[in-house]
Amino acid sequence: MTSMEIETVSSEPKATIGFFPSKPHFEPLKPHEMSEGKIQFRKVGVPAHRFSPLKKAWMDLCTPIYEQMKIDIRMNLKARKVELKTRKDTPDVSNLQKCADFVHAFMLGFEVIDAIALLRMDELYVDSFEIKDVKTLRGEHLSRAIGRLSGKGGKTRFAIENSTRTRIVVADTRIHILGSFANIKVARDALCSLIMGSPAGKVYSKLRAVSARLAERF
């Protein structure tokens, strides 16, 4: 009686041509691990007229930057700049630029409660332009244009802010707008119309139509 040979079949799949192992999973690099382990810095200049507001609101600026964004912050009195740098526990390298934008927005004149939105939302930014970029005005004509932008008691500026979901700062002849891209465009168009001489009532009617379209998108 001859012995029978039994061929065993392995349950594991055989390696075939074109078979690759699963992709490796790597943890994201920390900021201190990038650029050969060098610490990254940002510096934001402090205008002379913003020293007193900065001193009063210093803790309101430092708390979210240091505790939430994990970024070191200090005031360099000699250079008159706010200095920011990454730490070993900084979760994302983009936090450094967000904090720099936050501090810069405060230096432009925005309130801390408004500028802090730059830390929480990615689609917000600050747009700036001058009145002379729209129309060359001098003397009393320039003063009247600035008056039209603000309105009596800031009524016109508040109306534009509320309808476009933006924040506006009129600093002498410079105008700064904080918001999303689409909303900044609407607010800038309204401000440009006022600079060109349009009455506030006509601008209000346009804002109502545009704000209704913006509300439909959401």
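About the thresholds
- Residues numbered from 1 in each chain as written.
- Predicted model: local features only at pLDDT ≥ 70, side-chain atom pairs only at ≥ 80, totals over all residues.
- Heavy atoms only, no water.
- Buried < 20%, exposed > 50% of the residue type's maximum accessible area, 1.4 Å probe, protein only.
- Helix = DSSP H or I, 4+ residues; strand = E, 2+ residues; numbered from the N terminus.
- Arc of directions from axis to C-beta.
- Pairing = 2+ DSSP bridges.
- Axes fitted to C-alpha atoms, helices over the stretch in contact; angles between N-to-C directions.
- Contact = heavy atoms within 4.5 Å.
- Parallel < 35°, antiparallel > 145°, perpendicular 65-115°, else oblique.
- Nonpolar A, V, L, I, M, F, W, Y, C, P; charged D, E, K, R; others polar.
- Phe/Tyr/Trp six-rings, centres within 6.5 Å; stacked < 30°, edge-to-face > 60°.
- Lys NZ or Arg CZ within 6 Å of the ring centre and 35° of its normal.
- pLDDT = per-residue confidence, 0-100.
- Core = buried A, V, L, I, M, F, W, Y, C linked by side-chain atoms within 4.5 Å.

Peer 1: Where do I start with helix α7 (residues 140–150) in this structure?
Peer 2: Residues lying three or four places apart along an α-helix face the same way, a consequence of the helix completing one turn every 3.6 residues. For α7, every residue scored as buried is listed here: Leu142, Ala145 and Leu149. The buried side chains of α7 occupy one side of the element, clustering within an arc of 60° when seen end-on. Counted as exposed and oriented over 90 degrees from the buried face of α7: Glu140 and Ser143. Phi turns positive, to about 80°, at Gly151, one or two residues after α7.

Peer 1: How do you make sense of the sheet that holds strand β6 (residues 174–179) when you look at a structure like this?
Peer 2: Sheets are built from strands paired through backbone hydrogen bonds, the pairs being either parallel or antiparallel. Across the sheet, which stays open at both edges, the three strands sit in the order β4-β6-β5 with antiparallel pairing between neighbours. Sheet topology places β4 (125–130) and β5 (167–171) at the edges, where each strand pairs with a single neighbour. Strand-to-strand twist of the sheet, defined as the mean angle between neighbouring strand axes without regard to direction, takes the value 15°. In the sheet, β5 pairs with β6 via five bridges, with the strands oriented antiparallel. Looking across to β6, one finds that Val170 is bridged to Ile175. Against the sheet, helix α9 (residues 181–196) contacts β4, β5 and β6, and its axis sits at roughly 150° relative to β6.

Peer 1: Whenever I open this one, the packing of α7 against helix α8 (residues 155–164) confuses me. Can you help?
Peer 2: Put simply, α7 and α8 touch, their axes get as near as 4 Å, and they point 50° apart. Considered as vectors, α7 and α8 are oriented oblique to each other. Together, Arg148, Leu149 and Ser150 of α7 and Lys155, Thr156 and Arg157 of α8 make up the contact between the two elements. Residue composition of the contact of α7 with α8, grouped by class: one nonpolar, two polar and three charged.

Peer 1: Would you mind going over the packing of aromatic side chains with me for this structure?
Peer 2: The description of an aromatic ring pair rests on the distance of the ring centres and on the angle between the ring planes. Counted by the stated rule, this structure contains zero aromatic pairs. Lying over the aromatic face of Phe106, Arg50 brings its terminal NZ or CZ to 4.6 Å of the ring centre.

Peer 1: I would appreciate a short explanation of the environment of Glu130 in the present structure.
Peer 2: Positionally, Glu130 belongs in strand β4. Taking C-alpha positions, Glu130 is 6.0 Å from Ile175, a pair spaced 45 residues apart along the chain. Beyond its immediate sequence surroundings of up to four residues, Glu130 is in contact with Thr173 and Arg174.

Peer 1: Would you mind going over helix α2 (residues 58–68) with me for this structure?
Peer 2: Among all positions of α2, only Leu61, Cys62, Pro64 and Ile65 are buried. On its buried face, α2 is in contact with α1 (51–56), β2 (71–76), β3 (81–86), α3 (94–108), α4 (112–115) and α5 (117–120). Of the residues flanking the end of α2, it is Lys70, one or two places downstream, whose phi is positive at about 60°.

Peer 1: Please explain the confidence of the model for the protein chain as it appears in this structure.
Peer 2: The predicted coordinates of low-pLDDT regions are not to be read in fine detail. Scored by pLDDT, the protein chain has a mean of 84; 84% of the residues are at 70 or more. Confidence, expressed as mean pLDDT per element, reaches its minimum in the protein chain at helix α10 (residues 200–217) with 77 and its maximum at β6 with 94.

Peer 1: Got a minute to help me understand the nonpolar core in this structure?
Peer 2: It is characteristic of soluble globular proteins that their nonpolar side chains tend to be buried jointly. Residues Ile65, Leu84, Phe102 and Met107 are the most contacted members of the largest nonpolar core, which totals 31 residues. Elements represented by at least two residues in this core include exactly α2, β2, β3, α3, α4 and α5. Among the elements that make up this core, the one with the highest residue count is α3 (nine residues). Ignoring any residue separated from it by four or fewer positions in sequence, one finds Met107 in contact with Val44, Gly45, Val46, Pro47, Arg50, Leu54 and Val82. Ranked by size, the runner-up nonpolar core spans 19 residues in total, among them Leu137, Ile168, Ile175 and Leu194.

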